[in-house]
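Single-letter residue listing:
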Amino acid sequence: MANTKELAEDTCLLVYQCRLPLSTRTVNHLADLLRRHLKVIRSRWRILPPGSR
């Protein structure tokens, strides 16, 4: 079986939202990582700040 990233026919992507209990320190750390990543890839401005995503 080949390992490809292509979608097979008749497939769709599903996205689920969830909330996890995280400490403020963890949320800030993840928000900083996300901010750095968005800066590196020169992402456009988004409505929600990284800490709220």
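Note that the structure is a prediction, hence the values are computed from the model and not measured.

A. Spatial organisation of the overall build of the protein chain. Per the secondary structure count, the protein chain includes one helix and zero strands. By the burial criterion, 6% of the 53 residues in the protein chain qualify as buried. As presented, the protein chain carries roughly 6,100 Å² of accessible surface, and 56% of it is formed by carbon and sulfur atoms.

B. Just the pattern of salt bridges, in detail. Summed over the entire model, instances satisfying the criterion amount to one salt bridge. In this structure, the salt-bridge partner of Arg35 is Asp32, at a minimum N-O distance of 2.6 Å. Highlighted residues: Arg35 and Asp32, both in helix H1 (residues 24–40), separated by three residues, approximately one helical turn. With a relative accessible area of 41%, Arg35 lands in the partly exposed category.

C. Broad picture of a nonpolar patch on the surface. A cluster of nonpolar residues, Leu20, Leu22, Leu30 and Leu33, forms a patch on the protein surface that exposes about 380 Å² of accessible area. Mapped onto the fold, Leu30 is located in helix H1.

D. View of H1. In a regular helix each residue adds 1.5 Å, so 17 residues correspond to 24 Å; H1 covers 24 Å between its end C-alpha atoms and thus fits that length. Of the residues flanking the end of H1, it is Arg42, one or two places downstream, whose phi is positive at about 55 degrees.

What counts and how
Residues numbered from 1 in each chain as written. Predicted model: local features only at pLDDT ≥ 70, side-chain atom pairs only at ≥ 80, totals over all residues. Heavy atoms only, no water. Helix = DSSP H or I, 4+ residues; strand = E, 2+ residues; numbered from the N terminus. Buried < 20%, exposed > 50% of the residue type's maximum accessible area, 1.4 Å probe, protein only. Areas by Shrake-Rupley, 256 points an atom, 1.4 Å probe, with all protein chains shown as cover. Salt bridge = Lys/Arg side-chain N within 4 Å of Asp/Glu carboxyl O. Patch = residues over 30% accessible without salt bridge, like charges linked within 9 Å, V, L, I, M, F, W, Y side chains within 5 Å. Expected span 1.5 Å × (residues − 1).

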